[in-house]
Amino acid sequence: MTRGAGEPAVLAVDAGNSKTDVALVAADGRVLAEARGGGFQPPRVGVRAAVDVLAEAVGAAFATAGATAPAVQVSACLANVDLPVEEAELAAALRERGWGRATAVRNDTFAVLRAGLTEEDAGPRGVAVVCGAGINCAGMLPDGRTERFPAIGRISGDWGGGGGLAEEALWYAARAEDGRGGPTELMRALPGHFGLDSMYALIEALHRGRIPAARRHELAPVLFAVAEGGDPVARSLVDRLAAEVATMAAVLIGRLGLSGEEVPVLLGGSVLAARHPQLDRGVRALLAEREPKAAVRIVTQRPVLGAALLGLDALDAAPAAHRRLRSHFPA
C-alpha cells in the first residue's frame, strides 16, 4: 500500500526504560517528524499508563508532521516486552489507540539488530546482543523467523549488563572491606565515586535510600576503570561479561541454523558501544573460537532507526527508501 509523499507510512517507536523515541516516516524513507518522551515501564505503572507515555510522544510527532490519517504500519520496539504473551498484550493496547492500520510489537533488542544491518547484508539476517542496564540477545532471518532469550533476569538464566556488573562489584568490594574476601581496588573506588570513604558508608547509603537504587548503574564505568588499572577482581568480571555476550550470540547463531556461516553479530547498548578494550577483545576472541566466520560490529545508530527500518520491511519498501531513512540517522 502506498501513500502520498507527505503522508506517514510508518510510525516507528523505540521505547526504553528511560526515554521513548518516535519517528514518522513516509513511504520514500523521508522522516516527516520526530519526538521524544518519557520511559516505558509497564511492570511498574501498568500497561495503560505506560502506553499513555508513548501517546504523548506519538501525538507530538503527528502534530509536527501535520498528519491527520493513521500510519500504514506501526513498528514498535519496546523495553520490558520479554515474552510472546507480552508482545500480544502490548500490540492489542497499541491497536486500540488507532495509530496505524497494522501494528507490530517487538522487544527493543530487535531495533538495535535491524539498525546494524545495512542494505549490503543478505536481507535482515543476524544476531544482536544489547548490553545496557541489563542484557538481551535476539536473532532474525529474512523469512521473518526469530530467536531470542526471555531476558527476565536470574530466573531465566541471565546475567550481565551494567546492573549485573554493579551488583557483582559491590559484592566483592563489601567482602574485601570486611575480611570475607580478597583485596580489590573496588573497595575504595566504588564508595569514592559517591564521595564516601568506605564500603560500609556506601552500603548504608544505598540501603537507606540516600543514594537511589537507580544510580547503581553509575558503578559500571568505575568497574571498567578499575579493570583497566589491572585489578584482578575487576578484570575477572569484565572477562565474565565477555564470555556471556559471546555465549549468547553463539547459541542464537546455532538456533537460527547459521552456524559456520558469515553472520553479522551486532553489539549495542551503552556498555558494549563504549568499546572498552578488554571487553571488546574478549567478546571477539571468544566468539571467534565458536563461530569463526561471525562478523562483529558495534551499533551506534539510534535504535528508532531500526524500528523504522522494520516498518519499511513490512511494507516492502524500495532499497532507496531504506537508504534515505538511514541517511537521516547517521552513526
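Structure's up top.
Model, not experiment: these values are computed from the prediction. (Residues numbered from 1 in each chain as written. Predicted model: local features only at pLDDT ≥ 70, side-chain atom pairs only at ≥ 80, totals over all residues. Heavy atoms only, no water.)

Novice: Got a minute to help me understand the packing of helix α5 (residues 161-178) against helix α8 (residues 219-228) in this structure?
Specialist: Between two packed helices, the angle of one axis relative to the other and the distance separating the axes together describe the packing. It is the contact of α5 with α8, at a shortest axis distance of 8 Å, that shows an interaxial angle of 65 degrees. Like other packed secondary-structure pairs, α5 and α8 cross with a definite hand, here left-handed. Packed against α5, whose contacting residues are Gly 162, Leu 165, Ala 166, Ala 169 and Leu 170, the element α8 presents Leu 219, Ala 220, Leu 223 and Phe 224 at the interface. (Axes fitted to C-alpha atoms, helices over the stretch in contact; angles between N-to-C directions. Helix = DSSP H or I, 4+ residues; strand = E, 2+ residues; numbered from the N terminus. Left-handed = near helix turned anticlockwise from the far one by under 90°. Contact = heavy atoms within 4.5 Å.)

Novice: Would you mind showing me how to read the sheet that holds strand β5 (residues 100-107) here?
Specialist: Each strand in a sheet pairs with another by means of backbone hydrogen bonds, the pair being arranged parallel or else antiparallel. Sheet architecture is open: five strands sit in the order β3-β2-β1-β4-β5, paired in mixed fashion. Edge positions in the sheet fall to β3 (31-37) and β5, since each of these pairs with one other strand and no more. Geometrically, the sheet is characterised by an average inter-axis angle of 15 degrees between neighbouring strands, direction not taken into account. Two strands pair when backbone bridges link them, and strand β4 (residues 71-78) and β5 are joined in this way by seven bridges, in the parallel orientation. (Pairing = 2+ DSSP bridges.)

Novice: Would you explain the pairing of strand β10 (residues 295-298) in this entry?
Specialist: Regular strands place their side chains on alternate faces of the sheet. Residues Val 296 and Ile 298 of β10 are buried on one face, while the alternating residues Ala 295 and Arg 297, pointing to the opposite face, are not. In this sheet, β10 lies alongside strand β9 (residues 264-268) in parallel orientation, the contact comprising four bridges. Note on β10: the bridge partner recorded for Pro 264 is Ala 295. (Buried < 20%, exposed > 50% of the residue type's maximum accessible area, 1.4 Å probe, protein only.)

Novice: Can you help me understand helix α6 (residues 186-193) in this one?
Specialist: Since the α-helix packs 3.6 residues into each turn, any two residues three or four apart lie on the same face. Those residues of α6 lying buried are Leu 186, Met 187, Ala 189, Leu 190 and Pro 191. The inward-facing, buried residues of α6 contact α5, α7 (199-208), α8 and α9 (232-255). In the segment just after α6, Gly 195 is the residue with positive phi, at about 75 degrees.

Novice: Looking at this model, I keep getting lost on the state of the cysteines. Mind explaining?
Specialist: Working definition of a disulfide: a covalent bond connecting the sulfur atoms of two cysteines. Using the criterion set out here, one finds zero disulfides in the structure. The cysteine Cys 131 is free of any disulfide, with Cys 137 supplying the nearest cysteine sulfur at 11 Å. A residue is classified by how much of its surface remains accessible, and Cys 131, at 0% relative accessible area, is buried. (Disulfide = S-S within 2.5 Å.)

Novice: Just to check I follow, could you spell out the packing of α8 against α9 for this structure?
Specialist: It is the contact of α8 with α9, at a shortest axis distance of 8 Å, that shows an interaxial angle of 115 degrees. Crossing of α8 over α9 shows left-handed handedness. When α8 is examined against α9, the residues Leu 223, Phe 224, Val 226 and Ala 227 are found in contact with a partner set consisting of Ala 234, Arg 235, Leu 237 and Val 238. Counted by class, the contact of α8 with α9 contains seven nonpolar, no polar and one charged residues. (Nonpolar A, V, L, I, M, F, W, Y, C, P; charged D, E, K, R; others polar.)

Novice: Can you help me understand the nonpolar core in this one?
Specialist: As a rule of thumb, soluble globular proteins bury nonpolar side chains together. Grouped together as the largest cluster of nonpolar side chains are 57 residues, with contacts concentrated most on Leu 186, Leu 190, Leu 241, Leu 267 and Leu 279. Per-element accounting of this core gives the leading share, 13 residues, to α9. With residues near it in sequence (within four places) discarded, Leu 267 still touches Val 129, Val 245, Leu 272, Val 283, Val 296, Arg 297, Ile 298 and Val 299. If you look at the next biggest cluster of nonpolar residues, it comprises 30 residues, including Ala 9, Leu 117, Val 299 and Leu 310. (Core = buried A, V, L, I, M, F, W, Y, C linked by side-chain atoms within 4.5 Å.)

Novice: Help me out: how do you make sense of the side chain of Gln 73 in this one?
Specialist: Mapped onto the elements of the fold, Gln 73 is located in strand β4. Note on Gln 73: relative accessible area 9%, which makes it buried. Beyond its immediate sequence surroundings of up to four residues, Gln 73 is in contact with Ala 9, Val 10, Leu 11, Ala 102, Thr 103, Ala 104, Gly 311, Ala 314 and Leu 315.

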